[in-house]
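# A structural walkthrough
Chain residues, written in single-letter form:
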Amino acid sequence: MDSWILTLITFIPLVAAVIVLFMKKEQEDLIKRFSLLVSLVPLALSIWLAVDYYQRYLATGVGGMAYELKVPWIPQLNSSYHVGADGLSVPLIFLTTLLSTLSFYYSGRTIKRRVKDFFFLFLLLETGMLGVFVALDFVLFYVFWEIGLVPMYFLIGIWGQPKDRPLYSAIKFFLYTLVGSVAMLLAILAIYFQVGSFDILEAARQQPFANNLTIASLAFWAFMLAFMIKVPSFPFHTWLPDAHTAAPTAGSVILAGVLLKLGAYGILRIVLPIFPTAFQAWAMVIVALGVIGIVYGAFVCVAQTDLKRLIAYSSVSHMGYVMLGIGAAAAGLANVGRYGDSMAMAINGATLQMFNHGIITGGLFFLVGVIYERAHTRDLDKFGGLSAKTPYFYAIMMVTAFASLGLPGLAGFWAEFFTFRGAFDIVTVWAAIGVIGVVMTAAYILWRIIQSVFLGEYDPHKIDHWTDLTDYSEKHEPTDMLAFEKVTMWPLVAFMVFLGLYPVPLLAFFNTAAVEIIQRL
Amino acid sequence: MELLIVLIPLLPFLGFVGITLFTKHNKRLSAGLAIALMAASWIASWIVIFRAFATEHFEKHPFHVPLFAIPTGKSVLELGFVVDNLTAAMLFMVPFVCLMIFWYSWGYMGIGLPAGEHDRRGWPAESGHVDPLASRFFAYISLFATGMLGLVLSDNLVTLFVFWEVMGLCSYLLIGFWFARKYDDPKRITPKQAGLKAFLTTRIGDTIMLAGMMLLYASAAVLTDNQAGLTFSKLFEPQVLEGLQRMSVPVFGSMATLTAILIFWGSIGKSSQWPLHVWLPDAMEGPTPVSALIHAATMVSAGVYLIIRMFPLMLAGVQPALTFLGFIGAFTALFAAVIAVAQNDIKRVLAYSTISQLGYMFAALGIGAYVAATFHLLTHAFFKALLFLSSGSVIHGMEHGEHHVHHEGHHEVHGFDANDMRFMGGLRHKQPWTFIAFVAGGLALSGFPIVTAGFWSKDEILAEAWYGLTHGDKGAGLALFVFILLVLAAFLTAFYTWRQISMTFLGKPRTESAAHAHESSWSMVAPLLILAVFAIFGGFIGVPENFPVLGPLLNNPFHHWIGHFAETLKIKAEVHPFNPIPLLFSVVVALGGLGVSHLIYGRAGKGWQTHDQLDPLEAAMQRVGLGWLYEAMRRKFYFDELYAATVVAFGKGLAKAAAWFDRTVVDGIVNGVGRMGVGVARAAAEFDVVVVDGLVNATAVVAGWAGGLLRLIQTGRVQTYLLVAMMTVFMLLALFMFYL
């Protein structure tokens, strides 16, 4: 079981995708149910994985890479099928399977067009994302990285709303990411020629180009370009608002919830361990871009009028914390003895932010879906007074929005707390600039989202037709969330509250991983 | 014992959860649940503090409850609850005041009354009906109580901050409780805007505080090999404080001073001190129990509690930090009192009064009067909660009168507002119990000598300032400043309080509504009378030991309780000899303020005659050419306008500029690069067709590639230049590496 569980988790969706291909496209209900049921298997396995890893490794105080499987794959290239998971990837695997299952469940009710294609692509996407989190071989990593790209391209292009320019957005997303991929491929080749293998762990042991800063920097930036486009870090972020506005709800959820994390994961799994000296040399640039992302992203949010665009820009701002945390940790390499714990806390902040942003922003995009399916608009000026009409929706949105603004007691807070704790020690001035983002986040969440959509008097003239999702009839007043929408949100809200009150279990994973990363540098 | 301590904040939290998940559709049950659990929390608190009183040398053996430890690298961040002398003093006040206000809310929200036919969610209910969202109200105030109780129990800055922000959330939700409410006057701030303003203004302070916490956390970690965390007892170890003092930073000299000042900004926001004072008066848009609970007795005084808690750090921050504290406090105390004189909204007068009294406490802390500040915090909570609840009762009575007038088919005078004191008058006959309660609270606020709680606590602050002035060395200048400003503020406090009582209760009714007002229900009046007892007699626990006759008799238990605790933290809390001079000052200004006010506003038949007349003080000031000053006071010295024109406009402008920059420049570059890529591809295709006919293999690749791109671009613009450029660079790089 141990060595096969990751393979099972990763490839079950792929097998299901192939089976879906052989189904008749008229059997829509069957396809939907089958996809949902199959996706429960990797979810269950990833829960087992988390519990097992916690009991066997974390509870006994040893972390480290586990569930490894290494089989020769392309012997001529010395590339192997090498997978494994540690404290960093286990929670992210769980995040991926959870958001995927919720997306299948939600899309089962909301996707009406080309159902077979949608579920096929989505299952393929799940395999691609999971593969990135388990791969320990560069070739494998690269293959999974690209597998994730293609289905998302189609999801945006085909199921996007025509008025949101889906083709433009899809191509922009595809080409932008591809630029990064090409850069990454070249850097992978450079590592291969130096190390003689495609093994990621081996590369991290050897730390190639450690004595040649120029070459190391070039390889470092090649990787960083790929990952920073994916994160996305300022100034490579403009594909994100376009992709989000065009993507269908579940696509946005996965895009924000998981795909953005792939970039940050790559930085922590590959760049930081393999190029510590180059990273340290360029750390301040990363820190600066992170802080600019936080503050600039938050300011741009305030001026948005489209709800989905606003949340997309909030991702730019929130992922800035990830960059700040990782950058601060790299800057701390100057004196590991002095900054050890601060570096660990900065990485903990970054990783917590990755997980929490997945839960919270994933939730926010579901909630945008809830309102968009009813109103067929996302224009913030068209709404108002919904808290009186849709109290359940209001309550769920309040929890999610406040989690997003980092309210203590909800999940988002601890990520900001530890990011700033680490950053204030290592890169004090930049961290001090970054806190401006905290104020602006409150401004756009409360002023633009809560106040425009929910407060004030409901004005029936602004939107005269609301779709009632029970039977898709037109009503004059909005209806509250339906059972399937509530069920979709429950697990996410539960995590926001639980991790806000008691972040210890999740930090047990991330902290162990962070300590190990720092030790090996 | 540990369980009992955890239950104190947990019980109201269960109320919040229970109402939201289970009982929200039954308003009576929801309110009952909230009140019952709050009562249980109050009983648990008082059991805990009576055990604390019974413990010998409690200051050395506080009750401690570890909660959990968060892994932070190789160290851990420990979080827990503690009950020490200071917390015990707060636990005496907080749950009791909460319970009184919960009880009062039963009547205020109209629990048990029928639902109004025309009542809409997000609007106040018509008089005599239950609020349509009453369950939500009780859920919110229960969550709030959790926040405040958790805050005073925290043994560390992290959970303190968590609960601090939970309260901020509840404050936001409750200020905007009537989220749909709009006024005829478009310039008047609505509840939803007031809530936003409150949250964002305090958020500025909180963020600065967060920065201070982070610096403190990181610096203390260096000094203790990552062992300190943010636990108070560990932060206040002498070697940590001394280390912080030695750690030099570019601003303010030492790390101790810097962190002390940054953390104080949290209090400036939360306690609505100048220059972040603008939110509290507008927070009065919330229901009145909320104003009493959150914006008078508990949350705003949590800012003071934070500084009391962090006082060893403030002391380590030496003069820069303490002077800052004293300056902001004393300035705000006077500044807000001046504004309060010219306000006509009954709750806004009290709001400015709260700002002013909190300023007193900060000023007291600035001159080192630790015990006096704590004492004033407690007495103020009782009498200010009382005043707010009484004003709520007044407003309820006025709304009833207005309802009656409408019912009779009459129209109320133009611009009528149930909160506006100009439309009141003569209510002492209609609301005798409320009148008694308001006068008790008002006299306590004014510092009416000997028989009110406010007198003892305020007098102690003035005595401490006088002592600092006459005995201090380095702090004498600050003590003088504080003393003068606080004496002036005390005079104005008495003045505006009696103005308020005169306008509201004395004279004759100035509108039909006031003439038809009636006393509120018992569930509202009974808590008033209980709080009135505390507002009068609460001060006797803190009568200075050397005060003639009363001192030896009462033995000042409060000073002993807090003083012993202060000594364990190396805070000076010695008992000063009795000095009649500051006493004389406080008696004269209190009686003088009341007297002058009575001459202007209170004399029967003079003062206020009609609802639309000029304020007698304004008329007097106009006569001597100071009309502009009164106008400035009435307009709150234009701070709202100033901030709207600067900070808010700047923020919005910057947001617009950033959005434009992102769309035009950043994305413009991306699209431009895409277009260049298309151009390169086209050129390559041309080149391929015309020139490179012979090089079949090579051109096939390029043509295919370019053609592919061309096909792509027909649907939109493409970003290929980057691709081309990067590929070229990296291919060159790869070649370069091969030959290294």
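Residues numbered from 1 in each chain as written. Chains lettered and ligands numbered in written order. Predicted model: local features only at pLDDT ≥ 70, side-chain atom pairs only at ≥ 80, totals over all residues.

This part takes up the overall build of chain B. Along its length, chain B carries 30 helices and two strands. Its C-alpha atoms put chain B at 115 × 70 × 60 Å along the principal axes. Here chain B holds 740 residues, and 58% of them are scored as buried. Relative to all contacts within chain B whose residues are 6 or more apart in sequence, the contacts with residues 24 or more apart total 76%. (Helix = DSSP H or I, 4+ residues; strand = E, 2+ residues; numbered from the N terminus. Buried ≥ 20, exposed ≤ 12 C-beta atoms within 10 Å, placed from the backbone. Contact = placed C-beta atoms within 7 Å.)

Below, the discussion takes up the overall build of chain A. Helix and strand counts for chain A come out as 19 helices and four strands. The C-alpha radius of gyration computed for chain A amounts to 22 Å, which stays within 12% of the reference 24 Å derived for 521 residues, consistent with globular compactness. Structurally, chain A occupies a C-alpha span of about 70 × 55 × 45 Å along its principal axes. Looking at chain A residue by residue over its 521 residues, the buried ones come to 65%. (Rg over C-alpha atoms; globule rule 2.2 N^0.38 Å.)

Here we come to unusual backbone geometry. Of note, the bond from Val 231 of chain A into Pro 232 of chain A is cis; its omega dihedral lies within 30 degrees of zero at -15°. By the element assignment, Pro 232 of chain A lies in the loop between helix H8 (213-230) and helix H9 (239-246). A positive phi angle, close to 65°, is found at Asn 226 of chain B, a residue other than glycine. Among the structural elements, Asn 226 of chain B can be located in the loop between helix H6 (191-224) and helix H7 (232-235). Judged by C-beta crowding, with 20 C-beta atoms within 10 Å, Asn 226 of chain B ranks as buried.

Considering the arrangement of structural elements, one finds Glu 237 of chain B in the loop between H7 and helix H8 (238-246). Through-space distance from the C-alpha of Glu 237 of chain B to that of Pro 312 of chain B is 9.4 Å; in sequence the pair is 75 residues apart.

Turning our eyes to something else, we now look at the environment of Ile 70 of chain B. Its location among the elements puts Ile 70 of chain B in strand S1 (residues 63-72). Taking the C-alpha atoms as reference points, Ile 70 of chain B and Phe 311 of chain B, 241 residues apart in sequence, are found 26 Å from one another. Sequence-distant contacts of Ile 70 of chain B, defined by excluding residues within four places in its chain, comprise Pro 503, Val 504 and Leu 507 of chain A together with Val 76 and Leu 77 of chain B.

Counting residues at the interface gives 60 residues for chain A and 58 residues for chain B. Contributing elements (two or more residues each) for the side of chain A that touches chain B: helix H6 (166-195), H8, helix H11 (276-302), helix H13 (336-375), helix H14 (386-389), helix H16 (411-426), helix H17 (428-454) and helix H19 (504-520) of chain A. It is H6 of chain A that provides the largest number of residues to the side of chain A that touches chain B, a total of 14 residues. Of the residues assigned to the side of chain A that touches chain B, the class counts are 45 nonpolar, 10 polar and five charged. (Nonpolar A, V, L, I, M, F, W, Y, C, P; charged D, E, K, R; others polar.)

Successive side chains on a regular strand alternate, one facing one side of the sheet and the next facing the other. All names here are of chain A. As paired elements, strand S1 (residues 66-74) and strand S2 (residues 79-85) share six bridges and run antiparallel to each other. Across the sheet, Ile 74 pairs through a bridge with Ser 79, a residue of S2. Between S1 and S2, which pair antiparallel one after the other, the connecting turn spans four residues, and Asn 78 there sits at a positive phi close to 60°. (Pairing = 2+ DSSP bridges.)

Another aspect to go through is the nonpolar core. Residue and element names in this part refer to chain B. By size, the foremost hydrophobic cluster in this structure holds 485 residues, and its most contacted members are Leu 365, Ala 385, Leu 386 and Leu 486. Both domains that meet at this core, namely domain 1 (1-117 + 132-181) and domain 2 (319-631), each give it at least three residues. Not counting the four nearest positions on each side in its chain, Leu 386 is found in contact with Ala 437, Ala 440, Gly 441, Leu 528, Leu 531, Ala 532 and Ala 535. (Core = buried A, V, L, I, M, F, W, Y, C linked by C-beta atoms within 7 Å. Domains from an automatic or database assignment.)

So, on to the confidence of the model for chain B. All names here are of chain B. Per-residue confidence for chain B gives a mean pLDDT of 87, with 92% of residues at or over 70. At the level of individual helices and strands, chain B shows its lowest average pLDDT in helix H30 (residues 721-738), which scores 57, and its highest in helix H4 (residues 134-153), which scores 94. A low-confidence stretch, residues 713-718 stays under pLDDT 50, and its non-local contacts, those more than four residues away or across chains, total 18 contacts. Scored by ipTM, the complex comes to 0.92, with pTM at 0.90. (pLDDT = per-residue confidence, 0-100.)

Okay, the packing of helix H16 (residues 370-407) of chain B against helix H24 (residues 557-568) of chain B next. Residue and element names in this part refer to chain B. The N-to-C vectors of H16 and H24 enclose an angle of 130°; their axes lie 10 Å apart at closest approach. As far as their axial angle goes, H24 and H16 are oblique. The hand of the H16/H24 crossing is right-handed. Between H16 and H24, the residues in contact are Tyr 370, Val 371, Thr 374 and Phe 375 and Phe 558, His 559, Ile 562, Gly 563 and Ala 566, respectively. Class assignment of the residues belonging to the contact of H16 with H24 gives a composition of six nonpolar, three polar and no charged. (Axes fitted to C-alpha atoms, helices over the stretch in contact; angles between N-to-C directions. Parallel < 35°, antiparallel > 145°, perpendicular 65-115°, else oblique. Left-handed = near helix turned anticlockwise from the far one by under 90°.)

What follows is about the packing of helix H12 (residues 299-309) of chain B against H16 of chain B. Residues and elements named next belong to chain B. It is at 11 Å that the axes of H12 and H16 come closest, and there the two elements cross at 160°. Relative to H16, the element H12 is oriented roughly antiparallel. The two elements H12 and H16 meet at a crossing, and its hand is left-handed. Residues Ser 301, Val 304, Tyr 305 and Ile 308 of H12 form the contact with H16, whose participating residues are Tyr 370, Ala 373, Thr 374, Leu 377 and Ala 381. Across the contact of H12 with H16, the residue classes break down as seven nonpolar, two polar and no charged.

Looking now at H8 of chain B. All names here are of chain B. For H8, the full list of buried residues reads Val 240, Leu 241 and Leu 244. Along the axis of H8, the buried residues cluster in a sector spanning 95°; they form a single face. Opposite the packed face of H8, turned more than 90 degrees from it, sit the exposed residues Pro 238, Gln 239 and Arg 246. Looking at the buried positions of H8, the neighbouring elements they touch are H6, H7, helix H9 (255-270) and helix H13 (311-316). (Arc of directions from axis to C-beta.)

Let us now look at H8 of chain A. Compared with an ideal rise of 1.5 Å per residue, which puts 18 residues at 26 Å, H8 of chain A spans 25 Å between its outermost C-alpha atoms and is within 8% of the ideal. Counting buried residues in H8 of chain A gives 13 out of 18 residues, a clear majority hidden from the surface. (Expected span 1.5 Å × (residues − 1).)

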